[in-house]
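Structure at a glance
Spelled out, the chains give:
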Amino acid sequence: MSAASALPGRQDELAALARAVEQLGAGRGAVLEIAGDPGIGKTALLNRLARLAADRGAAVLRARARPEDAKPYQLFRDAWDGAEPPCPGGPSWDSAADRDLVRALRSPGGGCGPGAVLILDDLHHGDPASIRLAERLAGERPPYLLALAHRPRQTSPALLAALDEAQQAGTLHRVEPAPLDAAAVAAVLAEAAADGRVARGAEQAERLRAAAAGNPRILRVLLAAGADPEVWPERAVGAAGPLLRAAAPLIAEFDALSVAATEVLAAAAVLGETFLLGELAQVAGHHQDRTAEAVAELTRADLLRPGGPAGGLTFRHPVLGHLVHHRIAPGLRLHAHRRALALLEARQAGAAARARHAEHALLGGDRPNLVAVLAEGAAEVYASAPATAARWLGAALAALPAAGPGAEHRVALGLDRCRALTAAGRLEEARTLAHELLRTPGGLPEPRRTAALAACVEVERLLGRYAEADAMARTVIDTLPRPLPAPLPADTVQLVFDHGLVHALRGTAAEVRTLAHEAATAAAGSDPDDRTALRVLAAFCDSYAGDLTRVGPEVVRCGQLVDARPDTVAGRAPEVLALLGCAELYLERFTDAHRHLSRGLAVAGGGAQKHVAVNHLIGLSTLENWAGRLDLAQRHAREAERLATELGAPDAVGLAMAMRASALLWTLPARRTPEAVALAERGLRHTVPGSGWWGGSALGLLALARLVGGDPQDCLRTLLEGGGEDLALLQPASRPSLLALMTTAAVHGGDLDLARRSARAADAAAGGLGRPAFQQAQADRAGAALAAAEGDHGRSAELATAAAGAFRALRMPVLHAWTVLAATPAAARAHGPAAALAPLDDAIEGARRCGALRLCEDGARMRAALVAAGPPGSSAPGPVAALSAREREVAELAAAGLPSRLIAERLVLSPRTVDTHLGSAYRKLGVGSRLALARLLHRPSGAG
């Protein structure tokens, strides 16, 4: 964020600077105060102020105070010495008294001319004489622009009081840069991407904003470290040069400290996030009085702040503590951590608190005890900080001998580390370690071998290597006795669960359906979380297979079990919630599905759980699309696409792209439909052929996009090539809607024989599922299209009305509007144009609320045709008949919510011509706004 940058998130501040410079050009001086924490961007704003002033030809005098400044008025001297252009003469700094200098600086030429800008940065570090002079000037309105920047926490009380008095008197304007919000951080990330770094999405921008607390300087350090805030500082990957440059202002703050304060600051970094005075003294090896003096210096420097528990202290920002810790000499770091560990052991602190110091104390001996502390600490933090757990377990393994006694302990620690690496998203490392464990000389005894295989299966699944995962799982599952032993061992539960997830993702859930039920029964006496996970897996397999009537009560019960459990669910919560949410989606329990998928997304933090988060995001995108929240649907799909791209998961990338296309399909105007179709095509190309659920779902979305885009033949070809005429290769629970899509495409393509066959198949498939409302509505909608093509407009209207009513009851406004629009011609022919207007108006309004621009356009065109075709008095009466055909067309589109620009594009007119027609329509109809126009044109037929 250089002076030349756009300074994201600083629009208000930049506007204040621009106003001050404009006033200066008009001959009015001012005092401008820029106050804020270190790194918040004060200097960047001063850079912009200097450039604005220089662009207007103003003289710029600028200086930054230094803590070591000792000469009186040094800050002002530096400003005059560095003036651009140089100022002739200047005040007599060495001989004049304060009052004489104030008088000189108040004079028209005191600031190097009435149009000059005097910028004093880091005023809190100024020498006493400069600060006194600034206090006096703050209460004046000088003939030039005086800009003062400082850190309020380090500024003298007298200067703060003077600045407050000046603000209250109206002689000073205060600018206080706030922490950057997520949108500003996203803009910074976009700027970084332009320099060749990886672009980040909105979710990542929010995480970085939170990690940096919105502070631009801390954000730059995190970016220079290549930091994912979920794992930094464990895995900073940035080059040392950029990181040191970004951290240079912070390091300069450390270097300005006394020796005692530096030693106490190092002790604080060793202790971690919060610390007490006595703890600092013990770890630093200082007397408590000396430590208290050092702490006073550190708080004056705003490096430490009060705010920890029990009256403790904390760093201004955690990044400072990490930087200090990395700068401590290795020998000093070792001894400091050993003292901290002794302190915590005396207090009988928890293992996680001790493990942080045990990791660094390993070089000092006492290895067996320290290894035990690291293992216990890793177990404590595994769920919340798997990367830290993996690091501690790695240190423990490195401290153990490679062979000999303790081999069983090494295997146990290795398995724990493999799970932690997996949870942290370091999948290739986890896979390598798991395979090393399986190659242990002499083999692994049970149950260690099963546990190692389960770890391998999980990693292979997350890497998308479904064939490998399936083969490895079967080496154990195929040898299990039948019936399965009860209670089922925990490692076997994990293996069966991962095996089921593999087939769920491959779209072959039917292959593990029997196993899932057997395992759920065998787990009756097992751990409650194990039992719940297997029951959810079995319920998902049943719902995916389309056995909705039988599985419904079990899904409800599974939802109750999951709701009663904490988020951990033995570490499987995201997967369990994803399976449950998908089962509820098939059962059309949309509220429950949204709740469980949202919860799963919330607990799927970082690391490997990003893989699971993709599933949650895609499910939520589907639900938001159906609910008409099209912007949110696109946001979820875009985030899923970003995560899947980062993870190297092409199937997930493709389906996320197709999901985004399905929302864009409705929000884009008709002329841009090819963009949505092209996006869906790219999505299907990303999926791996034969990848089951991923590819099948992307294929269905592409077929829909091609149909809506006006290409029924391509829609048919997509469906037939992907699943055959009976669509047997696609998911059973979604087959009615896909067969209905085939029916509609066949009708529009003129193949009525295929349309009749697929319509019967769609109805039969819906019946086989127990006629759930959504799937039956899709079948009825397709049946309406077929009936209209066969000339039975009464039957068509009847089926379309039933489908539209079902979509309305399900709160699916886009599908409701699409159904009504498709059925309007048949309804008009069966019952007359006037009868078709009311449902059409309702559908247009619903589409408008959703932002479904395409449906608004189509609806407006249909309405104009109905009004033109209807008998006199059958629609909006009176002056409407006086409109020309073009005026009526423009008026209908405007009433549907389209701006003039889009109306012009739609009708191939200029915006000015559109406005002319619209103004003429206003005059003829006696209205003065688009809202009044909409009320007149869209009021119910026959209303007075």
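Attention in this report is confined to the structure presented alongside it.

Criteria and cut-off values
Residues numbered from 1 in each chain as written. Predicted model: local features only at pLDDT ≥ 70, side-chain atom pairs only at ≥ 80, totals over all residues. Heavy atoms only, no water. Helix = DSSP H or I, 4+ residues; strand = E, 2+ residues; numbered from the N terminus. Buried < 20%, exposed > 50% of the residue type's maximum accessible area, 1.4 Å probe, protein only. Contact = heavy atoms within 4.5 Å. Areas by Shrake-Rupley, 256 points an atom, 1.4 Å probe, with all protein chains shown as cover. Lys, Arg positive; Asp, Glu negative; His and termini not counted. Charge placed at Lys NZ, Arg CZ, Asp CG, Glu CD. Expected span 1.5 Å × (residues − 1). Pairing = 2+ DSSP bridges. Axes fitted to C-alpha atoms, helices over the stretch in contact; angles between N-to-C directions. Salt bridge = Lys/Arg side-chain N within 4 Å of Asp/Glu carboxyl O.

1. Overview of the overall build of the protein chain
A tally of helices and strands in the protein chain yields 45 helices and eight strands. Expressed as lengths along the three principal axes of its C-alpha atoms, the size of the protein chain is roughly 105 × 90 × 40 Å. Within the protein chain, buried positions represent 55% of all 944 residues. Within the protein chain, residue pairs in contact and separated by at least 24 positions form 67% of the contacts whose partners lie at least 6 positions apart. Taken as a whole, the protein chain presents about 38500 Å² of accessible surface, with 54% of it coming from carbon and sulfur. Distance from the positive charge centre (102 side chains) to the negative charge centre (101 side chains) of the protein chain: 3 Å.

2. Details of helix α22 (residues 466-477)
Between its first and last C-alpha, α22 extends 16 Å over 12 residues, near the 16 Å set by a 1.5 Å rise per residue. Those residues of α22 that fall on the buried side of the exposure criterion are Y466, A469, D470, M472, A473, V476 and I477.

3. Details of the sheet that holds strand β4 (residues 145-150)
For sheets, the rule is that strands pair by backbone hydrogen bonds, running either parallel or antiparallel. The parallel open sheet is built from five strands, whose spatial order is β2-β3-β4-β1-β5. Only two strands of the sheet have a single partner each, and these edge strands are β2 (60-64) and β5 (172-175). The mean inter-strand angle of the sheet, taken between neighbouring strand axes irrespective of direction, is 15 degrees. By the bridge criterion, four bridges tie strand β3 (residues 117-121) to β4 in an arrangement that is parallel. Opposite L118, over in β4, you have L146 as the bridge partner.

4. Describing the pattern of salt bridges
According to the stated counting rule, one finds 61 salt bridges in the structure shown. A salt bridge links D98 to R132; its shortest N-O distance comes to 2.8 Å. Of this pair, D98 sits in helix α4 (residues 98-106) while R132 sits in helix α5 (residues 128-138), and the two are 34 residues apart along the sequence. The salt bridge partner of D547 is R550, with a shortest N-O separation of 2.9 Å. Given a relative accessible area of 24%, D547 falls into the partly exposed group. Each of D470, R474, D478, R506 and E511 takes part in salt bridges that share partners, so that together they form one network.

By themselves, these are just geometric observations and shouldn't be taken as functional.
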